[in-house]
Amino acid sequence: MRKYIFPLIIFSSSIFCSAQNSFKVVPLGIYGGGEESNLSSYMAAPANSENYVCLDAGTLRSGIEKAIQKGNFKGNSALQVIQKHIKGYLISHAHLDHASGLILNSPDDTKKYIYALPSVAEILTDKYFSWKSWANFTNVGEAPRLHKYSIVNLETSKEIPLTDTEMYVTAFPLSHVKPYESTAFLLRQNGDYLLYLGDTGSDSIEQSTLLQNLWKQIAPYINAQKLKGILIEVSFPNEQPDKSLFGHLTPKLLESELTILNSFCQPGKLKQVPIIITHLKPVDNNIERIKKQLKEQKTLGVTYIFPEQGKKINL
């Protein structure tokens, strides 16, 4: 794939330079469909820790193998990373491009936790971890229950610890074709934060205030320079008709949402937060168009990072 270099945009996601890194993110899958070995999944941990959680789990093993090739997780096999270093899974919504890696690798996994909003957890246990489609490796739902995964139902806006890690999480609902729920996860370690959004439409298209409510919640952390990064989707270029967005963002809609977020922030603060673009759909020349359109929309002065499978991002 051709790489473009534009002002204010990083297209090969290496290391984002900052005075002091608080988090590390290893992209295991960066696309929103199309390539089953490269679907939405990001391992995240404090900068000085090997205790990760997965932010979605569309792809696991293939992405970890790429990460090992790039010098991460030295001395480990992909299966060892899954078993030892992934301490839990935060599933934003139950679409297969965000959950299939978790399901398919579950027989070889070790005991751990799945964190999700109740509506998402219900789909996971009713549709996937069900003896109709797969063994029930969870502690709820259809019997017999194998109790490998413990389901943790998250409450909106309530922070809880992530077991066996140094991190905490707060969940916020998103609209992914109303009324279907997706989730934003706000990770905290010490006083620093990282925000990951699952699939989401814009408030204007979804007839919702969920993103605006999220922006209000995170603006104080941006103002205090405590938010180290935002992972957010852009699935389609601007040419995609509104009726065919299916609960996703375009560069124009992302710019609109970030403008709303910027209105809650002190001048100049938002542009200090790297924006990591997730869930691009690799159809035709969509990705090239998305990158070009983001480059042309630079009124906010933010830095966009396009992650590369297996290549660690320090934040």
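Residues numbered from 1 in each chain as written. Predicted model: local features only at pLDDT ≥ 70, side-chain atom pairs only at ≥ 80, totals over all residues. Heavy atoms only, no water.

Student: Would you mind showing me how to read the side chain of lysine 24 here?
Tutor: With respect to the helices and strands, the residue lysine 24 is situated in strand β2 (residues 23-29). Accessibility expressed as a relative area gives 6% for lysine 24, which makes it buried. For lysine 24, the side chain forms a polar contact with the main-chain oxygen of serine 49, separated by 2.8 Å. For lysine 24, the side chain forms a polar contact with the side chain of glutamate 50, separated by 2.6 Å. (Helix = DSSP H or I, 4+ residues; strand = E, 2+ residues; numbered from the N terminus. Buried < 20%, exposed > 50% of the residue type's maximum accessible area, 1.4 Å probe, protein only. Polar contact = N/O pair within 3.5 Å; in protein donor to acceptor, adjacent residues only side chain to side chain.)

Student: Could you clarify how one ought to interpret the sheet that holds strand β5 (residues 86-90) in this entry?
Tutor: Note: strands within a sheet are paired through backbone hydrogen bonds, in either parallel or antiparallel orientation. Spatial ordering of the open sheet is given by β7-β6-β5-β4-β3-β2-β15, a layout of seven strands whose pairing is mixed. Unpaired on one side and paired on the other, β7 (149-153) and β15 (313-314) mark the two borders of the sheet. When strand β3 (residues 41-46) meets strand β4 (residues 52-57), the two strands line up antiparallel, connected through four bridges. Residue methionine 43 lies in a different strand from β4, and its bridge partner there is cysteine 54. (Pairing = 2+ DSSP bridges.)

Student: Just checking my understanding: could you explain the pattern of salt bridges for this structure?
Tutor: Where charged atoms from two side chains of opposite charge approach closely, those side chains can pair. Applying the stated criterion across every chain yields a total of eleven salt bridges. Arginine 61 serves as the salt-bridge partner of aspartate 108, at 3.1 Å between the closest nitrogen and oxygen. Pair noted here: aspartate 108 is in the loop between α3 (96-105) and β6 (112-116) and arginine 61 is in helix α1 (residues 61-69), with a separation of 47 residues, a long-range link. Residue classification places aspartate 108 among the partly exposed residues on the basis of a relative accessible area of 36%. (Salt bridge = Lys/Arg side-chain N within 4 Å of Asp/Glu carboxyl O.)

Student: What is the right way to look at helix α4 (residues 118-128) in this model?
Tutor: Among the residues making up α4, those that are buried are Val120, Ala121, Leu124, Thr125 and Tyr128. On an axial view of α4, the arc spanned by its buried residues comes to 125 degrees, and they lie on one face. For α4, the exposed residues set more than 90 degrees away from the buried face come down to Glu122 and Lys127. (Arc of directions from axis to C-beta.)

Student: Is there a simple way to think about the packing of aromatic side chains in this case?
Tutor: Each aromatic ring pair is described using two quantities: the centre-to-centre distance and the angle formed by the ring planes. Going through the model one piece at a time under the given rule, you end up with six aromatic pairs. Measuring from ring centre to ring centre gives 5.5 Å for tyrosine 52 and phenylalanine 73, while their planes differ by 70 degrees; the resulting arrangement is edge-to-face. In this pair, tyrosine 52 sits in strand β4 while phenylalanine 73 sits in the loop between α1 and α2 (78-85), placing the two residues 21 residues apart along the sequence. Under the relative-accessibility criterion, tyrosine 52 is labelled buried at 2%. Among the aromatic side chains, those forming a connected cluster through ring pairs are Tyr89, Phe129 and Tyr149. Positioned over the ring face of tyrosine 168 is arginine 188, at 4.4 Å from the centre of the ring. The positively charged end of lysine 291 is found above the aromatic ring belonging to phenylalanine 306, 5.1 Å away from the centroid. (Phe/Tyr/Trp six-rings, centres within 6.5 Å; stacked < 30°, edge-to-face > 60°. Lys NZ or Arg CZ within 6 Å of the ring centre and 35° of its normal.)

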